[in-house]
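One-letter residues, chain by chain:
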Amino acid sequence: MPKNNSIKSILIIGSGPIVIGQACEFDYAGSQASRSLREEGIEVTLINSNPATIMTDKVVADNIYLKPLEPESVVEILKKHKIDAVLPTMGGQTGLNLCIKCQELGIWEEFGVDIIGVDIDAIEITENREAFRDLMIDIDIPMAPQQAAKSFLQGKEIAQEYGFPLCVRASYTLGGAGASIVHDPEEFDTLLERGLQLSPIHEVMIDKALLGWKEYELELLRDSNDNVVIICSIENFDPMGVHTGDSITVAPAMTLSDTTFQKMRDMAIKMMRSIGNFAGGCNVQFAVSPDENEDVIAIEINPRVSRSSALASKATGYPIAKIAAKLSIGYHLDELNNQITKTTSALFEPTLDYVIVKIPRWNFNKFPGTNTELGIQMKSVGEVMAIGRSFQEALQKACQSLEIGRNGLGADGRELTDQNKILHSLEHPSYDRLFHIYDAIKLGIPFNTIHEKTKIDPWFLRQIEDLIGLEKKIEKFNLENLPKDLLFEAKQKGYADRQVAHLLRCLESEVYKKREEFNIQRVYKIVDTCAAEFPAETPYYYSTFEYENESIVSDKKKVVVLGSGPNRIGQGIEFDYSCVHGVLAAKECGYETIMINCNPETVSTDFDTADKLYFEPVFWEHIFDIIQHEKPDGVIVQLGGQTALKLAEKLERYGIKIFGTSYDALDLAEDRGRFSKVLEDNNIPFPKYGIVESAEQALELSNDLGFPLLVRPSYVLGGQKMKIVINRDELEHHVVDILNEMPGNQILLDHFLGGAIEAEADAICDGEDVYIIGVMQHIEPAGIHSGDSYAVLPPYNLGDFVMEQIDDITRKIAVELKTVGLMNIQFAIKDDIVYVIEANPRASRTVPFIAKAYDEPYVNFATKVMLGEKKVKDFNFQPKKKGYAIKIPVFSYEKFPDVKKELGPEMKSTGEAIQFIDTLRDPFFLKIYSERNMHLSK
């Protein structure tokens, strides 16, 4: 059936600010859906409150509304636009909840808006766990014993009936909020009460816990003709008991028999058909018994694009959100083309001739004292994905992508050897259990003990054991007598040159030369959805070590854009926004664009964003080999946050051109001694400071600087390990703590300007002229990280004298640093004197916010300046929006209930929202200003 031509205009509901459990994978889905619908000539209106994402940029939709995700905002939009239908399935749980709320209020009916992509009954039945269980019983789908409790007493009665361990899950929540595995009756009362409070309908589902069972997911699509395709099977490395968002996952499923897979497939299709008659996407989760019977039990079904949909899309090359959007307007699967091959239909199920591994990324270091044990409540803030020809290769590449100071899994001298600590880690999973499994096998802990404590399938454990066996073989040789076939095997199994160098007791560069001598070269394979059965037209690549290279190099002028890697606190979706705009701008300038990134949640890793996508670790060896292969005109590093910036030194050393600000200028801004000399030479005030490398030096320097002091390590992002200390004991303790975690790092001590006002400016410079795109004033006094502070654009009470100083200083610093591109400078204002805290000659977290507030494509323009295609004077920006924009930080403290909710110089927020006001008399601003200046915690 062709599309429904009566639908001319669609409203897409976004997912709001980034929180743990609902991150930028939904912005990716919404962006992809919007482009898909606009291809059909449909006007797309989008509502979302998140300014940091490309989803809320005018390149994505026809009409963008940066509004709170509330029914009042929806009514405002419906009064301005003739909307025919609403698509709520691209906005995660937030989008579905708002859709339900509007349905209950009669808003959709009042304005004649149809709901597409799902139906309300399907949402209701999957969120109401008791109704869902009853339906599964009716269609003979087995589930774990479970009951709903709407009161504390009812929950106690269920616990008495089932016995422990139990799984307690709050209804209508996201990312497992309010969910716990309970082993101890004494814990049960507290966790039951917490779950009831977190549920918006005061209900929890209590299940008999299936600890040790294996967990799987299937991603499905269905059209209005009831055709169903299975896009991807995903297996959790970790067993039941660890939230799938916190589990290492593998696709396709590795340890599932074909008989059980077919049974699971049939169950998933039956479940999808039973919950409602709609066209769109679905995610179904199952548990499988870890024995020969492989009994299958349904866990849940989500009738929307899920957190795993982005992963499945990137894993297979099948654009789930894009196809789901077209199905929602009436198309059938057999009427749509496969977006990769362009010749097969979308009814053709993907086939993989490679393996993908996803590893989550946590930020427990931001919440000292929190319980880091993983359970059924999600705690990770991001993830990486890697592609390899084998599980081992993909696993090593995923570990190299994490940016946690490891060169891969093992072979880097950082093994844990304390047997008791290892055994505890195996039984109590945390962020580092994968590495401790490796350590346990290497230490000689019996295989059965490891399996018994982790409940991880023996196949996965044997794969890691095999890696350790390979390492032992390599260690018997040195660089001179290492056999070619052994080095080739190590590279095929994903080992980085650094890891091989560690095993051979030599330098990484020497291993690289040995590879060249043996002609062991990295080749690039295409992600084609069909295991090379049909030709693929989309240039989406991963690397491996074989003999045939499928990446054809063109003779066009080209640029590499380095991505920002996994999301984490301090480096999130705003940097992906900048990368996407950088790619678009470079395309406009006639460059072939090459994107390198490893984050499956983002728009930058969509296969049709850049001309060529390399889904690879943002890790030197991988970057260098791609550059050697592609021979680009240059590389852009200033859009990908600290991840890309840290690679600038090596690019410079190997003679690779950096577009925009030079490495020397980037380093000058990071080197506090050199930067302070620039400030002194230009008579620019800055707090008294010093640089130390030991606690003794810090104590001595404190005599000159005086307390309070701001203590921070160099070359970090998001205020990592930054703290204000008020006496010698605190100073000594914190410096020792930093050096323990970051050995060899220089530590900066600044005299802290207590009571100062903080502000920041973002600017674009072409080396000569400077354009200040915006100045933001923080509402909180100095001492709270800029990412955690409410901020107002333009400033709300900085006088002309102060603003003139900010303007003058920004221009001076940008030119002195020979900035070519973007720059962010942070200020402290005390007694009408403007002090410089720091300068960052790169894209900042605040650039997307300012761009949305003023409705101007600043990153696009800055990229053209970096490429030398434009000068500042070539553009005449005219900010279109009046009034004020307020940046609202958003936290995920509910995931860490045992953490003190106190803000300071180290960033803890996971996302942000934007609120527009006309005047400073607005009640919202007055309330926030009053509360935040009284140091009220969130």
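A short tour of the structure in this document, coming up.

Conventions adopted
- Residues numbered from 1 in each chain as written.
- Predicted model: local features only at pLDDT ≥ 70, side-chain atom pairs only at ≥ 80, totals over all residues.
- Heavy atoms only, no water.
- Core = buried A, V, L, I, M, F, W, Y, C linked by side-chain atoms within 4.5 Å.
- Buried < 20%, exposed > 50% of the residue type's maximum accessible area, 1.4 Å probe, protein only.
- Helix = DSSP H or I, 4+ residues; strand = E, 2+ residues; numbered from the N terminus.
- Contact = heavy atoms within 4.5 Å.
- Pairing = 2+ DSSP bridges.
- Axes fitted to C-alpha atoms, helices over the stretch in contact; angles between N-to-C directions.
- Phe/Tyr/Trp six-rings, centres within 6.5 Å; stacked < 30°, edge-to-face > 60°.

### Digging into the nonpolar core
The biggest cluster of nonpolar side chains holds 172 residues, and the ones touching the most others in it are Ile10, Ile12, Ile359, Leu562 and Val637. For this core, the element with the highest residue contribution is helix α16 (residues 458–475), accounting for seven residues. What Ile359 contacts, discounting residues up to four positions off in sequence, is Ile248, Glu383, Val384, Leu395, Ala398, Cys399, Leu402 and Leu434. Grouped together as the second largest cluster of nonpolar side chains are 51 residues, Leu11, Leu98, Phe132 and Met143 included.

### What about the sheet that holds strand β14 (residues 296–302)?
Within a sheet, neighbouring strands are paired by backbone hydrogen bonds and run either parallel or antiparallel to one another. In space, the seven strands of this open sheet follow the order β14-β13-β10-β11-β12-β15-β16, with antiparallel pairing throughout. Every interior strand has two partners, whereas the edge strands, β14 and β16 (382–388), have only one. The mean inter-strand angle of the sheet, taken between neighbouring strand axes irrespective of direction, is 25°. Strand direction decides the pairing type here: strand β11 (residues 228–236) and strand β12 (residues 249–251), joined by two bridges, are antiparallel. Opposite Asn236, over in β12, you have Thr249 as the bridge partner.

### A look at the packing of aromatic side chains
Under the criterion given, the structure shown has 29 aromatic pairs. Centroid distance Trp620 to Tyr654: 5.4 Å. Interplanar angle 40°. Geometry classified as tilted. Linking Trp620 in helix α21 (residues 620–630) with Tyr654 in the loop between α23 (648–653) and α24 (663–670), this pair joins segments that are 34 residues apart in sequence. Assessed through its relative accessible area of 4%, Trp620 is described here as buried. What makes Tyr654 partly exposed here is its relative accessible area of 40%.

### Comments concerning unusual backbone geometry
Note the cis peptide between Phe164 and Pro165, where omega equals 5°. Relative to the helices and strands, Pro165 resides in the loop between α7 (152–162) and β7 (166–170). Of note, the bond from Ala251 into Pro252 is cis; its omega dihedral lies within 30 degrees of zero at -5°. Despite not being glycine, Arg505 shows a phi value in the positive range, around 60°. Residue position: Arg505 is located in the loop between α18 (497–504) and α19 (508–518).

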